[in-house]
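Each chain, letter by letter, is given below.
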There are 2 protein chains.
Amino acid sequence: MKTIRIGILGYGNLGRGVELAIRQNEDMELVGVFTRRDPSTVQLADPSVPVYHVQELESMAGKIDVLILCGGSATDLPVQTPKYAKLFHVVDSFDTHASIPEHFARVDAAAKSGNKVAMISIGWDPGLFSLNRMMAGAILPQGQTYTFWGKGVSQGHSDAIRRIDGVLDGKQYTIPVEQALEAVRSGKNPELTTREKHRRECFVVAADGADQARIEKEIKEMPKYFSDYDTTVHFITQQELDKNHSGIPHGGQVIHTGKTGVQGEHTHVIEFSIKLDSNPEFTSSILVAYARAAYRMAQENLVGAKTIFDVAPAYLSPKSGEELRASLL
Amino acid sequence: MKTIRIGILGYGNLGRGVELAIRQNEDMELVGVFTRRDPSTVQLADPSVPVYHVQELESMAGKIDVLILCGGSATDLPVQTPKYAKLFHVVDSFDTHASIPEHFARVDAAAKSGNKVAMISIGWDPGLFSLNRMMAGAILPQGQTYTFWGKGVSQGHSDAIRRIDGVLDGKQYTIPVEQALEAVRSGKNPELTTREKHRRECFVVAADGADQARIEKEIKEMPKYFSDYDTTVHFITQQELDKNHSGIPHGGQVIHTGKTGVQGEHTHVIEFSIKLDSNPEFTSSILVAYARAAYRMAQENLVGAKTIFDVAPAYLSPKSGEELRASLL
């Protein structure tokens, strides 16, 4: 079997996760990591894998099958995905939901111009959660779908806390409200406000002498980020934060309840849930499986931008259709 | 939009569920129900839908887009699916796991000879559970997948009870063992025996004067069905059985736990679970969504046998790719 040659662009948490995930897949090899930094300063988990400056990436056309884009959605991916989709099959985790249609159109045009497959918005939300929302709604159309996130670290909310005057460090957890989960699972189709669905818990390291009451008030009243939620603030030491809150766990669930029968007398609950020790490593594992799908779809002469909705699941597995039917159906 | 014209072959619990599910989908119309019985004896939920004898089915080629096969896996589907896949796009719920490869081959040849799409083994297991087993394993290959069934009624086990001398009626529930679920969710990858995974609970109506101790012993010692499980037997009246155990609920979960990181230091749990008031109505709803997929794949000139692994999820939804990306991704 020919191995799938993978390149990684960007070596933050996600790029590092992709490097580790590739090791778990025997049909793949990592050709190199590409970075905007000085390559000599980038330390991979496997030092035998070459690190290149991003400027060398275009010259690698033909040497890489699938490029996994590990940059951010705000400024990196809107430029990088269309640019590299002309040269390689690509996978990205573009997650700015409102901009997906525009991103799709630009990437689709680029990928088609280069006869490539470009998977966009791969991950768990958008990604596996979207898939479960869509499938559950198609199967039980007289129903309602709910998405809960957490318990997990929100990078954006943690950053917002750290920007407050007098805050040295901080971490924010998004947590689904247990009563809301129970009400949804019961099939009652509750109408839930933002506050009723999730709560927020913050662990904050304040500077010596900083006014903790003022910091707590600023957090709780921060528009968009916290003001619509019940928020708890704990002040702790840097040592405690490093010891107990250095991970990047996350999770969540998509719950769909629907009715069937002559008069909707039967209720069904479909629930997809994840509980992750490492959010970036899980997302990376999804990106790698969809890199395989991109490669295999290209072998069948498919081209253009694809989302998780467009990928027949069999493409994700290294097994043949025959093996899948015999062992997993 | 052109509606998708559906036919139903077989009007038991599944066929009836398909009739009800079609009503929930505006892009579909039910052309007719086909039966081996005298059509005048078959009472549909909607009396305006025609009931035909199965002999008339072949003459309906061109008037039905997708035929949903609602017969049993033991004797009906091995004959019916290849036969009708030459004339119509078809969907079946063939669930004899060990015979799927053979069934696939026969249906594939038939469907290709008629330029049709044939979806086989659609439902929740095989079906949605297979999909979740496969995808979770592809995403987290260093992991283990567990399937639990229940709490729900097993028709086969209920039938086995009813065949015992002195038993007038009976119902059997398959129930996952809570400690096993907890051990799996913890990520410990336990090795579980059959007895450790599921238990069985029976509600039995005994004939007047029948030896209940003997019946209970016969149930508990029945090879394959009960002897490998911890089984509880309750003797109740026919009235109680009819009142409290007349439904066909079911459910279950697929749980995959996998490791990532430099040395597998991070554990992730992916869980897909369902809780169904009516097993046949839920299965029927899945069949109907995959009937749409069969029709739409055929519009794109795909042919042959397909399993749930081969169907790009977008085909399940009446929404366009554009709408899906804008609203559900």
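1. A word on the overall build of chain A
Counting its regular elements, chain A contains 11 helices and 14 strands. Against the compact-globule benchmark of 20 Å for 329 residues, chain A has a radius of gyration of 22 Å, which places it among compact chains. Along the first, second and third principal axes, the C-alpha atoms of chain A reach 65 × 60 × 35 Å. For chain A, the residues scored as buried account for 57% of the 329 residues in total. Taking the contacts inside chain A whose residues are at least 6 apart along the sequence as the reference set, 67% of them involve residues at least 24 apart. Counting only carbon and sulfur atoms, one obtains 47% of the accessible surface of chain A, whose full area is about 13800 Å². One finds the centroid of the 35 positive side-chain charges in chain A at a distance of 3 Å from the centroid of its 40 negative side-chain charges.

2. Observations concerning the confidence of the model for chain A
Residues of chain A with pLDDT of at least 70 account for 100%, and the chain-wide mean is 97. Model confidence for the complex is summarised by a pTM of 0.96, with the ipTM given as 0.96.

3. Comments concerning the interface of chain A and chain B
Of the residues lining the interface, 64 residues belong to chain A; the matching set on chain B comes to 64 residues. When the buried area of chain A at its contact with chain B is split by residue, A:Q24, A:R325 and A:L329 rank highest and sum to 15% of it. Run the count over chain A and chain B and you get zero salt bridges. Linking chain A with chain B are 22 residue pairs in polar contact (both at pLDDT 80 or more). Mapped onto the side of chain A that touches chain B, the elements with two or more residues apiece are α1 (13-22), α3 (100-113), α4 (128-139), β12 (250-260), β13 (266-276), α10 (279-299) and α11 (321-327) of chain A. Examining the composition of the side of chain A that touches chain B, we find that 11 residues originate from one element, β13(A), more than from any other. Partitioning the side of chain A that touches chain B into residue classes produces 34 nonpolar, 17 polar and 13 charged.

4. Comments concerning the nonpolar core
Within soluble globular proteins, side chains that are nonpolar generally end up buried alongside one another. Among the nonpolar cores identified, the biggest contains 163 residues, and A:M119, A:F282, A:Y290, B:M119, B:F282 and B:Y290 are the most heavily contacted of them. Excluding residues within four positions of it along the chain, B:F282 makes contact with A:I139, A:L140, A:H268, A:I270, B:W124, B:L128, B:I274 and B:L276.

5. Section: the sheet that holds strand β8 (residues 152-153) of chain A
The strands that make up a sheet pair up through hydrogen bonds in the backbone, lying either parallel or antiparallel. Strand order in the open sheet formed by four strands is β8-β9-β10-β11 (chain A), with mixed pairing between adjacent strands. Among the strands making up the open sheet, the edge pair consists of β8 and β11 (230-235) of chain A.

6. Quick look at the relation of the copies chain A and chain B
Here chain A sits on chain B after a turn of 180 degrees about the axis and a move of 0.0 Å along it, with an RMSD of 0.0 Å. The superposition of one copy onto the other is thereby described by a two-fold rotation axis. When each C-alpha of chain A is compared by its distance to the rotation axis, A:A312 comes out closest, at 1.9 Å. When you check the interface residues of chain A against chain B, 100% turn up at the interface there too, and the contact is symmetric in its surfaces.

7. What about the packing of α10(A) against helix α4 (residues 128-139) of chain B?
In contact at an axis separation of 8 Å, α10(A) and α4(B) are set at 105 degrees when each is read in the N-to-C sense. In terms of axis orientation, α10(A) runs roughly perpendicular to α4(B). Residue-level inspection shows A:F282, A:S285, A:I286, A:A289, A:Y290 and A:R292 of α10(A) in contact with α4(B), the latter providing B:M135, B:A138 and B:I139. Grouping the amino acids of the contact of α10(A) with α4(B) by side-chain chemistry returns seven nonpolar, one polar and one charged.

8. Overview of the packing of aromatic side chains
All names here are of chain A. In this structure the tally under the stated criterion is eight aromatic pairs over all chains. Consider the rings of F34 and Y52, whose centres lie 5.0 Å apart with planes at 15 degrees: the pair is stacked. Note that F34 is positioned in strand β2 (residues 28-35) and Y52 in strand β3 (residues 51-53), a separation of 18 residues in sequence. Y52 matches F34 in its accessibility class, with the two residues each being buried. Here the aromatic residues W124, F129 and F272 are joined through ring pairs into a cluster of three or more.

9. Let's talk about the environment of B:T260
For B:T260, the location among the structural elements is in strand β12 (residues 250-260). Between the C-alpha atom of B:T260 and that of B:D27, which follows or precedes it by 233 residues, the distance is 44 Å. Beyond its immediate sequence surroundings of up to four residues, B:T260 is in contact with A:Q24, A:E281, A:S285, B:L140, B:E265, B:H266 and B:H268. Within the local environment of B:T260, its side chain forms a polar contact with the side chain of B:H268, the two groups lying 2.8 Å apart.

10. Side note on unusual backbone geometry
Looking along the chain, the bond that leaves A:G150 and enters A:K151 is cis, with omega of 0 degrees. Here A:K151 is to be found in the loop between β7 (143-149) and β8. The omega torsion across B:D125 and B:P126 is 5 degrees, close enough to zero to call that bond cis. By the element assignment, B:P126 lies in the loop between β6 (117-119) and α4. In this structure, B:K224 takes a positive phi of about 65 degrees despite not being glycine.

11. Some points on the environment of B:F94
Residue and element names in this part refer to chain B. Of note, F94 is situated in the loop between β5 (89-91) and α3 (100-113). On the basis of relative accessibility, which here comes to 3%, the residue F94 falls in the buried class. In the structure, F94 is positioned 49 residues away from A45 in sequence and 25 Å away in space, judged by C-alpha atoms. Residues within four places of F94 in sequence aside, it is in contact with S73, L77, P78, S99, I100, H103, S121 and P126.

12. Thoughts on the side chain of B:R292
Relative to the assigned elements, B:R292 resides in helix α10 (residues 279-299). At 2.8 Å, the side chain of B:R292 forms a polar contact with the backbone oxygen of B:L316. Once residues lying within four places of it in the same chain are set aside, the contact partners of B:R292 are A:A138, B:I4, B:N25, B:D27, B:M28, B:Y315, B:L316, B:S317 and B:P318.

The rules behind each value
- Residues numbered from 1 in each chain as written.
- Chains lettered and ligands numbered in written order.
- Predicted model: local features only at pLDDT ≥ 70, side-chain atom pairs only at ≥ 80, totals over all residues.
- Heavy atoms only, no water.
- Helix = DSSP H or I, 4+ residues; strand = E, 2+ residues; numbered from the N terminus.
- Rg over C-alpha atoms; globule rule 2.2 N^0.38 Å.
- Buried < 20%, exposed > 50% of the residue type's maximum accessible area, 1.4 Å probe, protein only.
- Contact = heavy atoms within 4.5 Å.
- Areas by Shrake-Rupley, 256 points an atom, 1.4 Å probe, with all protein chains shown as cover.
- Lys, Arg positive; Asp, Glu negative; His and termini not counted.
- Charge placed at Lys NZ, Arg CZ, Asp CG, Glu CD.
- pLDDT = per-residue confidence, 0-100.
- Buried area = accessible area lost by both parts, 1.4 Å probe.
- Salt bridge = Lys/Arg side-chain N within 4 Å of Asp/Glu carboxyl O.
- Polar contact = N/O pair within 3.5 Å; in protein donor to acceptor, adjacent residues only side chain to side chain.
- Nonpolar A, V, L, I, M, F, W, Y, C, P; charged D, E, K, R; others polar.
- Core = buried A, V, L, I, M, F, W, Y, C linked by side-chain atoms within 4.5 Å.
- Pairing = 2+ DSSP bridges.
- Least-squares fit on C-alpha atoms with pLDDT ≥ 70 in both.
- Axes fitted to C-alpha atoms, helices over the stretch in contact; angles between N-to-C directions.
- Parallel < 35°, antiparallel > 145°, perpendicular 65-115°, else oblique.
- Phe/Tyr/Trp six-rings, centres within 6.5 Å; stacked < 30°, edge-to-face > 60°.

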